[in-house]
Amino acid sequence: MQTNDLINALKADAAKSTMPLGYVWWVAMLAASIVAAVAFFVLIGPRPDFAVAAQTLRFLFKFVVTLILAVVAFALLRVLSRPGSNVRSAALWLLLPPVLIGAAVAAELFAVPSGQLVTVWWGKNVYVCLTFIPLIGLGPLAVFLAALRHGAPTRPGLAGGVAGLLAGSIAATFYAAHCTDDSPLFVATWYSIAIAGLVGVGMIVGRRVARW
Amino acid sequence: MNGQGENELAMLLRAAIAGDEKAYAAFLERTATMVRSFARRKIVQGGVDPEDIVQETLLAIHMKRHTWISDGPVLPWVYAIARFKLIDAFRRRGRRVEIEIGDIAETFAQPEAETVSDREISRVLDGLAPGQRSVVAAISVEGRSIGETAEKFGMTETAVRVALHRGLQSIAKKFGRS
C-alpha cells in the first residue's frame, strides 16, 4: 500500500468523529470523583467530629494541600496527553504542593513541643492511611488511565505516573475527612508514601496500556 | 515551513475535523511531505524505511486528531507524533532483529524482492479480518469511493464506513503494539 493509497482510506474515514479530548478529561474527572466518593463512604466515611474539626487550621490545611495537588496534577495530565504541548511550565507547578507542605512542617516543628513530635508524626492511623488512600484511589486511577488511552501521551509511563498522582490526591482529599491525624508531619510523610504507591502503579500500567 | 504555511495547515486540519474530505487529503499530503523529509533526516543508519514512518505517522494523526487543540499550533503537534512513531519503530525493529537472527542465512540466500509495495502497512493489512481487508483495500489501493465500494460488495454505505473505520483502527493498533 502506497502512502497515497493510505490517504485515500484516511480521508474516506474523515466523517467519523470522536469526542474532543478536553471534554473527555472533564468527564473522567467527574467519574473519578464519584467513584472515589462511593468508595470513601462505603469503606470508611468521615470522622465523627467532622464539624468541630472543620474549625481547626490543621484539619483544613490537609484539604488545601491535597486539592492544590489535584489541580496541578490534572493540568499536567491533560498536557501530557497531547503531543507537542509545553510540558515544562505545567510540570513546574508540581513544586507548589511540596513547598506548601514543607512550610507547614516547619511551622509544626516550632509549634509542637519536641517531646511530642514523634507521637504526632506517627499518629494513630498510619496503616489506615497506607491502606485506604491507595484503595480509594484505584478506581479513579483506572478511570484516568482509560481517558489517557483516548489521548496520545508521547511519554506513556510518565503520563501514567501523573494519572496515579491525580488519583492519589483525590483519594487523599476524601481520606483527609476521615483521618484524625491532622499534623502536617503526618500528612507530609504518610500521605506522600500512600500517593507514591499509586504513582508507581500508574507508571507501570500506563507504560503498557497508554501506548498508541 | 513558515508561519503562513502553518496557518494554512491548521485551517486544513480544522476543516478536516469538521468532515471536509478534500481539505483532509490536502492536509495529509502536505504532512506526508514534511514527515518524509523529517524521517529521512533522522534515519541515518538504515534499518527503518522512512516511508513506513510516514504511513505510521499519518495513521496515528488520523486516530488521534481529536488531541489537537483547534486553535493551537499544528507543527509541534505533527512533529511530536512523528518523533514518537520514529522512536517506536526503532525500538520495535531493534527487538525484531534479535529475534530473527537465526534466520539470517536463509534470508541472504533469497533474491532481494523489495517491491515498492513491500511496506509494513501491507503486511498489517494482510492480517486484517477478510471483510475489513477487502473494504480497506478497495478504498485505498483501488481508490474507490464509499458508494462504489458498497456497490461492489453488496453492502450498505454505513456498513462500508464501519468496516473501514474498524479496519484502520486495527491497523493502527497493530502498528503500535507489535
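Note that this is a predicted model, so its numbers are computed, not measured. Throughout this description, residue numbers start from 1 for each chain and increase along the sequence as written. Note on labels: chains are lettered from A, ligands numbered from 1, in written order. Only residues with pLDDT of at least 70 are given local features in this predicted model, and only at 80 or more are side-chain atom pairs given and counted; all residues enter the totals for whole chains, interfaces and linings.

## Observations concerning the overall build of chain A
Each helix corresponds to a stretch of at least 4 residues labelled H or I by DSSP, and each strand to a stretch of at least 2 residues labelled E; elements are numbered beginning at the N terminus. From N to C terminus, chain A includes 10 helices and 0 strands. Secondary structure elements of chain A occur, N-terminal to C-terminal, as α-α-α-α-α-α-α-α-α-α. Summarising its shape, the C-alpha atoms of chain A cover approximately 75 × 35 × 25 Å along the three principal directions. Here a residue counts as buried when 20 or more other C-beta atoms sit within 10 Å of its C-beta, as exposed when there are 12 or fewer, and as partly exposed otherwise, the C-beta atoms being derived from the backbone. Of all 212 residues assigned to chain A, the portion counted as buried reaches 47%. At a minimum sequence separation of 6, the contacts of chain A that also span at least 24 residues come to 88%. By definition, residue pairs are in contact when their C-beta atoms, positioned from the backbone, come within 7 Å.

## Quick word on the overall build of chain B
When helices and strands are tallied, chain B shows 9 helices and 0 strands. A buried classification covers 33% of the 178 residues belonging to chain B. If you take every contact in chain B between residues at least 6 apart in sequence, the share linking residues at least 24 apart comes to 62%.

## Regarding the interface of chain A and chain B
If you look at the interface, chain A gives 28 residues, while chain B gives 41 residues. Counting residues per element, the side of chain A that touches chain B draws most heavily on helix H1 (residues 3–12) of chain A, which supplies 9 residues. Across the side of chain A that touches chain B, the residue classes break down as 14 nonpolar, 8 polar and 6 charged. Just so you know the grouping, Ala, Val, Leu, Ile, Met, Phe, Trp, Tyr, Cys and Pro go in nonpolar, Asp, Glu, Lys and Arg go in charged, and all remaining residues, Gly too, go in polar.

## Side note on the packing of helix H2 (residues 21–43) of chain A against helix H9 (residues 156–176) of chain A
Residue and element names in this part refer to chain A. Put simply, H2 and H9 touch, their axes get as near as 10 Å, and they point 40° apart. Considered as vectors, H2 and H9 are oriented oblique to each other. Crossing geometry of H2 relative to H9 is assigned as right-handed. Side by side, H2 and H9 meet where Ala32, Ser33, Ala36, Ala37 and Phe40 of the first sit next to Ala167, Ile170, Ala171 and Phe174 of the second. Of the residues in the contact of H2 with H9, the class split is 8 nonpolar, 1 polar and no charged. Helix axes are fitted only over the stretch in contact, all axes being lines through C-alpha atoms; the angle between N-to-C directions runs from 0 to 180 degrees. Here roughly perpendicular refers to angles of 65 to 115 degrees, roughly parallel to angles under 35, roughly antiparallel to angles over 145, and oblique to all remaining angles. Crossing chirality is assigned from the near helix's rotation relative to the far helix, an anticlockwise turn below a right angle marking it left-handed and a clockwise turn marking it right-handed.

## What to know about the nonpolar core
Residue and element names in this part refer to chain A. Residues of type Ala, Val, Leu, Ile, Met, Phe, Trp, Tyr and Cys that are buried and joined through C-beta atoms within 7 Å form what is called a nonpolar core. Counting residues in hydrophobic clusters, the biggest one holds 56 residues, and the most contacted among them are Phe144 and Leu166. Taken together, the elements giving at least two residues each to this core come down to H2, helix H4 (57–80), helix H6 (96–111), helix H8 (126–150), H9 and helix H10 (184–209). Sort the elements by how many residues they give to this core and H9 lands first, with 13 residues. With near-sequence residues (within four places) excluded, Phe144 lies in contact with Ala28, Ala32, Leu77, Ala163, Leu166 and Ala167.

## Considerations on H6(A)
Residues and elements named next belong to chain A. The span expected for a helix works out to 1.5 Å for each residue beyond the first. Between its first and last C-alpha atoms H6 spans 23 Å; for 16 residues at 1.5 Å apiece the expected length is 22 Å, and the two agree. The set of residues buried in H6 consists of Pro97, Ile101, Ala104 and Glu108. On an axial view of H6, the arc spanned by its buried residues comes to 60°, and they lie on one face. Those residues of H6 that are exposed and aimed more than 90 degrees away from the buried face are Val99, Gly102, Ala103, Ala106, Leu109 and Phe110. Packing partners of the buried residues in H6 comprise H4 and H10. Starting at the helix axis, one direction is taken to each C-beta atom, and the arc is that of these directions.

## Regarding the packing of H9(A) against H10(A)
All names here are of chain A. Look at H9 against H10: their axes get within 6 Å of each other, and the N-to-C directions meet at 145°. Relative to H10, the crossing made by H9 is right-handed. Of H10, the residues touching H9 (which contributes Pro156, Gly157, Ala159, Gly160, Gly161, Ala163, Gly164, Leu165, Ala167, Gly168, Ser169 and Ala172) are Tyr191, Ala194, Ile195, Leu198, Val199, Gly200, Val201, Gly202, Met203, Val205, Gly206 and Arg207. Grouping the constituent residues of the contact of H9 with H10 by class yields 14 nonpolar, 9 polar and 1 charged.

## Some details on H2(A)
Residue and element names in this part refer to chain A. Under the 1.5 Å per step criterion, the end-to-end length of H2 is 32 Å for 23 residues, consistent within 8% with the ideal 33 Å. Of the surrounding secondary structure, the elements contacted by the buried residues of H2 are H4, H8 and H9. The first or second residue beyond H2 is Gly45, which carries a positive phi of 75°.

## Thoughts on the environment of B:Gly167
Residues and elements named next belong to chain B. Here Gly167 lies in helix H9 (residues 157–177). When the C-alpha atoms of Gly167 and Gly131 are compared, they prove to be 8.9 Å apart, with 36 residues separating the residues in sequence. Here Gly167 is in contact with Leu128, Gln132, Arg133, Val135 and Val136, once residues within four sequence places are set aside.

## Topic: the confidence of the model for chain B
Residues and elements named next belong to chain B. Confidence along chain B averages 83 in pLDDT terms, with 84% of residues attaining 70 or more. Across residues 96–115, confidence stays below pLDDT 50; counting only partners more than four residues off in sequence or on other chains, it has 0 contacts. Confidence estimates for the predicted assembly give a pTM of 0.89 and an ipTM of 0.90. On a range of 0 to 100, pLDDT expresses the predictor's confidence in each residue.

## Quick look at the environment of A:Pro184
Looking at the secondary structure, you find A:Pro184 in helix H10. Discounting chain neighbours no more than four positions away, the residues touching A:Pro184 are A:Phe61, A:Ile101, A:Ala104, A:Val105 and A:Glu108.

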